[in-house]
Amino acid sequence: MHGIARVLSKLGVASRTVAADFIASGRVSLNGRVSRDPEEPADARRDRIELDGRPVTGAAPVYLAMHKPAGLLTTAHDPQGRPTVYGLLPLDLASWVFPVGRLDGPTSGLLLFTNDAAAGDALTNPDIGVPKTYELKVKRKVTAEEIEALQKGVELEDGTLTRPAQCRVLPSAPGSTWLELTIREGKNRQVRRMGLAIGHEVVKLHRTRVGPVELGELPVGKCRPLTPAEIRAIKAIGRVSAQRAKRKDRPGATPS
């Protein structure tokens, strides 16, 4: 049994943050009475949950790709009033899809949204290691030794080590270097920190792929629904993630 905000999220009604706002404003009832505690235990199979007086039965799953412009925050609300990616979402979906991972403000490129909590968890699960591909620009030439360091894994400023990555040099103008980097983890601002670990500040960063989904020719600031093939591939990742979680939960199981 989970808190009612998490239950609403799993049903695809809203992200946990938005669901908590619904609950705090008195819009959600549990078994006939208003609930104002996002952590109040609820079970979607046994309890009667209503939003604005209508039974919650779960929303149809939605999967979107966005070409995030640089300068927008990956959040639903910003206390300082800065623009966020939610301003680019279709109005009928913006209140109840959530981003799969994050891109920091200056970073552009592919950002996925869904209301499928299991899919979102699988795509960001470090045990699964879904690959994410970036193009990044640094101001100076990157040496073969520095490329090899990125490929083997580097030590970040806090002492943590990155996993091995794929890295290659892209066509670049004199005095700078463009790299394509594929990582299988998602530490905070990881690509920028990896650049600093080899002595290079990342001055431009753009994500082109997350697992089976490519940015392709999607225009900046636009969204598109994922294709059936992309959705099937994401659900397959989700099944692997669920199977691994079950193995870990078995008595006597050891981490893989």
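Above this text you will find the structure in question.
So, here is what we can say about the structure in this document.

Cut-off values and rules
- Residues numbered from 1 in each chain as written.
- Predicted model: local features only at pLDDT ≥ 70, side-chain atom pairs only at ≥ 80, totals over all residues.
- Heavy atoms only, no water.
- Buried < 20%, exposed > 50% of the residue type's maximum accessible area, 1.4 Å probe, protein only.
- Helix = DSSP H or I, 4+ residues; strand = E, 2+ residues; numbered from the N terminus.
- Pairing = 2+ DSSP bridges.
- Polar contact = N/O pair within 3.5 Å; in protein donor to acceptor, adjacent residues only side chain to side chain.
- Contact = heavy atoms within 4.5 Å.
- Arc of directions from axis to C-beta.
- Core = buried A, V, L, I, M, F, W, Y, C linked by side-chain atoms within 4.5 Å.
- Salt bridge = Lys/Arg side-chain N within 4 Å of Asp/Glu carboxyl O.

Right, let's talk about the pairing of strand β7 (residues 63-68) for a bit. For β7, the buried fraction is high: six of the six residues fall into the buried class. Across the two faces of β7 the burial is the same, with Y63, A65 and H67 and L64, M66 and K68 all buried. Two strands pair when backbone bridges link them, and β7 and strand β9 (residues 108-114) are joined in this way by six bridges, in the antiparallel orientation. Each residue of the ladder has a partner; that of L64, found in β9, is F113.

Before going further, it helps to spend a moment on the side chain of T114. Its location among the elements puts T114 in strand β9. Of note is the side chain of T114, whose polar atom sits 3.0 Å from the backbone nitrogen of D116. When sequence neighbours within four positions are dropped, the list of residues in contact with T114 reads V62, Y63, V97, F98, V100 and G120.

Right, let's get into helix α2 (residues 16-24). Along α2, the positions that sit buried rather than exposed are V18, A19, F22 and I23. In an axial view of α2, the angular spread of the buried residues amounts to 145 degrees, which keeps them on one side of the axis. Phi turns positive, to about 80 degrees, at G26, one or two residues after α2.

Let us look at the nonpolar core. By size, the foremost hydrophobic cluster in this structure holds 31 residues, and its most contacted members are F113, L136, L181 and M194. Looking at this core, the elements with two or more residues in it are β7, β9, β10 (132-138), α4 (144-152), β12 (177-183), α5 (190-197) and β13 (202-210). Contacts of F113, omitting those with residues within four sequence positions, involve V62, Y63, L64, M66, V85, Y86, L89, V97, F98 and P99. Listed in part, the 18 residues of the second largest apolar core include V210, L218, L226 and I234.

So, about the pattern of salt bridges. Scanning the model with the defined rule gives 14 salt bridges in all. Measuring nitrogen to oxygen at the nearest pair gives 3.1 Å for the salt bridge that ties R193 to E157. Highlighted residues: R193 in helix α5 and E157 in the loop between α4 and β11 (166-170), separated in sequence by 36 residues. Accessibility expressed as a relative area gives 61% for E157, which makes it exposed.

The residue E146 is located in helix α4 in this model. Here E146 falls in the buried class, since its relative accessible area comes to 18%. Here the alpha-carbon distance between E146 and P38, two residues 108 residues apart in the chain, equals 48 Å. Not counting chain neighbours up to four residues away, the residues in contact with E146 comprise K141, I198 and H200. A distance of 2.9 Å separates the side chain of E146 from the backbone nitrogen of T143, its partner in a polar contact.

So, to be careful, I would describe these as geometric facts and stop short of saying anything about function.
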